[in-house]
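# Structure assessment
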Amino acid sequence: MISSNDFRPGVTIEFDGNVWQIVDFQHVKPGKGAAFVRAKMKNIQTGAVVERTFNPGEKLPKAHIDRRDMQYLYETDEEYNFMDNENFEQIVMTSEQLGTAKNFLKENMSIEVMFFQGIVIGVELPYSVELRVVETDPGIRGDTATGGTKPAKLETGYTVKVPLFINIDDVLRIDTRSGDYLERA
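No experiment lies behind these values; they were computed from the predicted model shown.

This paragraph deals with the sheet that holds strand β14 (residues 159–163). Spatial strand order, β14-β13-β12-β15-β16: 5 strands in an open sheet with antiparallel pairing. Each edge of the open sheet carries a strand with a single partner, namely β14 and β16 (181–184). Looking at each pair of strands side by side, their axes are set apart by 50° on average, direction ignored. As defined by bridge partners, strand β15 (residues 171–175) adjoins β16 across 3 bridges and the pair is classed as antiparallel. Opposite R173, over in β16, you have E183 as the bridge partner.

Put into structure tokens, the structure is as follows:
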């Protein structure tokens, strides 16, 4: 059990039959009335973010998430295959389970797969990945006065907005949390 006074970003709890990760929290002491804890929580299975209030000292069950380093192998018919780096056991995940993470997976990439009570609940990617541009329009000098952007299709099929100077076969660093272009690698 964990007390609401011990909430910190990254702590996982069981609440309303789901697994939640604390994103942000705040101890609120209004001038009138009792103090409370306001927490912003992210549902690990669905990705939904909600804000809830708890009484100070309220006890909640702590969710024990098992994280395993796994290697992404390949994709077939919207099913993604991963191999455990320690015991070489393979698992298959659907595109619904991966969510937006599927846009950043490259073959042989190592990621963390999260398990709760033996069931896969999601993956944790590195903060940025390097992906090659496979399709983009040529940037023409003088197109804009303030630096414009254009769409670029990456090797995983994901399309991202990039500056005009990016060309085909450039390797880009992409932020996996927001999906935005960071820089050329």
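Here the narrative resumes, following the displayed structure.
Turning to a negative patch on the surface, a few remarks are in order. On the surface, E75, D77, E78, E79 and E96 cluster together to form a negatively charged patch. Take E75: it is sitting in strand β7 (residues 66–76).

This part takes up the packing of aromatic side chains. Going through the model one piece at a time under the given rule, you end up with 5 aromatic pairs. Taken together, the aromatic side chains of F7, F15 and F54 make up a single cluster linked through ring pairs. Looking at R68, its charged tip hangs above the ring of F115, at a distance of 4.0 Å from the centre.

Ranked by internal contacts, the top residues of the largest apolar core, which has 28 residues, are F82, L105 and V113. Not counting residues within four places of it along the chain, the set of residues in contact with V113 comprises D66, R67, R68, M70, I91, M93, V120, G122 and V123. Counting residues in hydrophobic clusters, the runner-up holds 12 residues, among them I2, A39, M41 and F54.

What follows is about the environment of T53. Along the chain, the position of T53 falls in strand β5 (residues 49–54). Among the residues examined, T53 registers a relative accessible area of 52% and is labelled exposed. Linking T53 and I91, residues 38 residues apart in sequence, is a C-alpha distance of 37 Å. In this view, T53 contacts F36, V37 and R38; residues no more than four positions away in its chain are not counted.

Calculation criteria
Residues numbered from 1 in each chain as written. Predicted model: local features only at pLDDT ≥ 70, side-chain atom pairs only at ≥ 80, totals over all residues. Heavy atoms only, no water. Pairing = 2+ DSSP bridges. Helix = DSSP H or I, 4+ residues; strand = E, 2+ residues; numbered from the N terminus. Axes fitted to C-alpha atoms, helices over the stretch in contact; angles between N-to-C directions. Patch = residues over 30% accessible without salt bridge, like charges linked within 9 Å, V, L, I, M, F, W, Y side chains within 5 Å. Areas by Shrake-Rupley, 256 points an atom, 1.4 Å probe, with all protein chains shown as cover. Salt bridge = Lys/Arg side-chain N within 4 Å of Asp/Glu carboxyl O. Lys, Arg positive; Asp, Glu negative; His and termini not counted. Charge placed at Lys NZ, Arg CZ, Asp CG, Glu CD. Phe/Tyr/Trp six-rings, centres within 6.5 Å; stacked < 30°, edge-to-face > 60°. Lys NZ or Arg CZ within 6 Å of the ring centre and 35° of its normal. Core = buried A, V, L, I, M, F, W, Y, C linked by side-chain atoms within 4.5 Å. Buried < 20%, exposed > 50% of the residue type's maximum accessible area, 1.4 Å probe, protein only. Contact = heavy atoms within 4.5 Å.

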